[in-house]
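# Observations on chain architecture
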Amino acid sequence: MRARTRTGHRKVVVLAAVASLGAGLLAGCAEDSGDGSSNSDGGNGGSGKTTLSVGTFGVFGYKQAGLYDEYMKLNPDVTIKENVTTRTDVYWPKTLTRLQAGAGTDDIQAIEIMNVTEAVETQADKFVDLGKEVDKSQWLDWKNAQATTKDGKQIGLGTDVGPMAICYRKDLFEKAGLETDRTKLAEQWKGDWGKYVDLGKQYMEKAPSGTKFVDSASSVYNAALGGEPERYYETDGTVIWDKSDSVKKAWNVAMEVATSDMSAKLKQFDKPWDQGYSNGTFATVACPAWMIGYIQEKSGDSGKGKWDVAAAPTAANWGGAFLGVPTASKNQKEAIKLAKWLTAPEQQAKVFAKQASFPSTPSAYADLKPAAATAAYFSNAPITEIFSASAETIPSQYFGIKDQPINTALTDIGILQVEQKGKSPEEGWDAATEEIKDVLGQ
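Below you will find a few notes about this structure. (Residues numbered from 1 in each chain as written. Predicted model: local features only at pLDDT ≥ 70, side-chain atom pairs only at ≥ 80, totals over all residues. Heavy atoms only, no water.)

Here the focus is the overall build of the protein. Each helix and strand counted, the protein has 18 helices and 9 strands in total. Sorting the 442 residues of the protein into buried and exposed places 56% on the buried side. Here the contacts in the protein between residues at least 6 apart in sequence split such that 77% fall between residues at least 24 apart. Roughly 17900 Å² of accessible area belongs to the protein as shown, and the carbon and sulfur atoms make up 50% of that amount. (Helix = DSSP H or I, 4+ residues; strand = E, 2+ residues; numbered from the N terminus. Buried < 20%, exposed > 50% of the residue type's maximum accessible area, 1.4 Å probe, protein only. Contact = heavy atoms within 4.5 Å. Areas by Shrake-Rupley, 256 points an atom, 1.4 Å probe, with all protein chains shown as cover.)

One pass over the full model with this rule turns up 17 salt bridges. In this structure, the salt-bridge partner of Asp-403 is Arg-231, at a minimum N-O distance of 2.9 Å. Of this pair, Asp-403 sits in helix H17 (residues 403-421) while Arg-231 sits in the loop between helix H9 (217-225) and helix H10 (245-258), and the two are 172 residues apart along the sequence. Taking the relative accessible area as the measure of exposure, Asp-403 reaches 0% and is therefore buried. Put simply, Lys-267 and Asp-412 hold a salt bridge, and the shortest N to O gap is 3.8 Å. Pair noted here: Lys-267 is in the loop between H10 and helix H11 (271-279) and Asp-412 is in helix H17, with a separation of 145 residues, a long-range link. Under the relative-accessibility criterion, Lys-267 is labelled partly exposed at 26%. Look at the salt bridges and you will find they share partners, linking Arg-87, Asp-89, Lys-267, Asp-270 and Asp-412 into a network. (Salt bridge = Lys/Arg side-chain N within 4 Å of Asp/Glu carboxyl O.)

To continue, consider the packing of H9 against H17. At a minimum axis separation of 9 Å, H9 and H17 run at an interaxial angle of 140°. The angle between H9 and H17 falls in the class oblique. Crossing angle aside, the handedness with which H9 passes H17 is right-handed. Packed against H9, whose contacting residues are Ala-217, Ser-218, Tyr-221, Asn-222 and Leu-225, the element H17 presents Asn-407, Leu-410, Thr-411, Ile-415 and Glu-419 at the interface. Of the residues in the contact of H9 with H17, the class split is 5 nonpolar, 4 polar and 1 charged. (Axes fitted to C-alpha atoms, helices over the stretch in contact; angles between N-to-C directions. Parallel < 35°, antiparallel > 145°, perpendicular 65-115°, else oblique. Left-handed = near helix turned anticlockwise from the far one by under 90°. Nonpolar A, V, L, I, M, F, W, Y, C, P; charged D, E, K, R; others polar.)

A few words now on helix H4 (residues 113-122). Think of an α-helix as turning once every 3.6 residues; residues three or four places apart then point the same way. Of all the 10 residues making up H4, 8 are buried; the element is thus mostly covered by neighbouring parts of the structure. Residues of H4 that are buried include every one of Ile-113, Met-114, Asn-115, Val-116, Thr-117, Glu-118, Ala-119 and Val-120, and no others. Buried residues along H4 sit in contact with helix H3 (88-101), strand S3 (108-112), helix H5 (141-146), strand S8 (317-324) and H17.

Side-chain direction in a regular strand flips from residue to residue, so the side chains alternate between the two faces of the sheet. Where burial is concerned, most of S3 is hidden: 5 out of the 5 residues are buried. By the alternation rule, side chains of S3 split into Ile-108, Ala-110 and Glu-112 and Gln-109 and Ile-111, which are all buried. Judged from the 2 bridges that link them, strand S1 (residues 50-57) and S3 form a sheet pairing that is parallel. The residue bridging Gly-55 from the neighbouring strand is Gln-109, located in S3. Pairing geometry for S3 and S8, over 4 bridges, is antiparallel. Bridging across to S8, Ile-111 finds its partner in Phe-322. (Pairing = 2+ DSSP bridges.)

What follows is the structure, encoded as structure tokens:
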């Protein structure tokens, strides 16, 4: 991929989204097109029921944990339709286009943590103030603050947070002659992602045929950066990505992976990455709590009892989201009710039980237990304790207005240029720099 492709790409995405929106508006109530975007049907579709559409990305766990079915049983006049997009960098631009158009949004729209500042600072008028609808004390204070404008409007309710661990295939570790005990492993790489990379070098010396130590250098980058005190912005909004010691530290660790043979060189959330889980292509993956459900879904029966979980080198956060209700929703009252219910402590605990997505509601913590099937899938690892310990010491990070596109430039352009195309780390950094300058209008 050439360095300066984003401007043209953005125009194509926006034009395609506008065209899709126009077609949807003309059609009245379009079905999901396969890219995860959808229009709310805005009514009952002739069924006598209110249909609520929920726009999400990745695996939120609501369907998997049976929450939609439970809610519809409790509210027989409501039908829920979930529209899922795999990648957030596809989901959010389309959502922005529809928010700005004032039509075509889902009744509930998920907002990823790296997009929440942009939503708060540029799209707050497009969302209902949910802070007026709930007892805010149910959520972590910092989680509420991330979705709140300077004048006090809260545009989203917190879903999960992303405390970090390492998920690993103990069967592949055993074949490579490495330690398989999760506690001893955690001690080997404790405090330093460089030690994790060193273990990867050992793995590759006796790696089972067709396997690599890690899925991608980008996953190591994201995990390492998640444990640092800063990201791409100062808290006053000043862009510091190219001056940040934290960014450079994470980049250097990722470059060790990208320039070695230990990476499967997969782009996260693309189909080959999903297939890598089911095929046992890589032995470890940086594993925020929400990844537990993703691994179960993509590895299937082939990974049952083979995956295990160990504490990450450093406490870190990667991910987390919010549910917002667009003002364009034609079913605002019912959408608010559903958003409140889905993000309540009781429901967050149910999602944790299914796939270990870690709640943003502290009152749920005392009774958190993964389902027996989830625990068995991950070799009965003490998932609750591992993620809780990480959550307690995660550094507080500020997410800037263009956090996601800056991150995407560094991972999907800079790191991939090195990892997949054999460019030097300097060339990868320069390519990312060109893209980020374009994103920031410099």
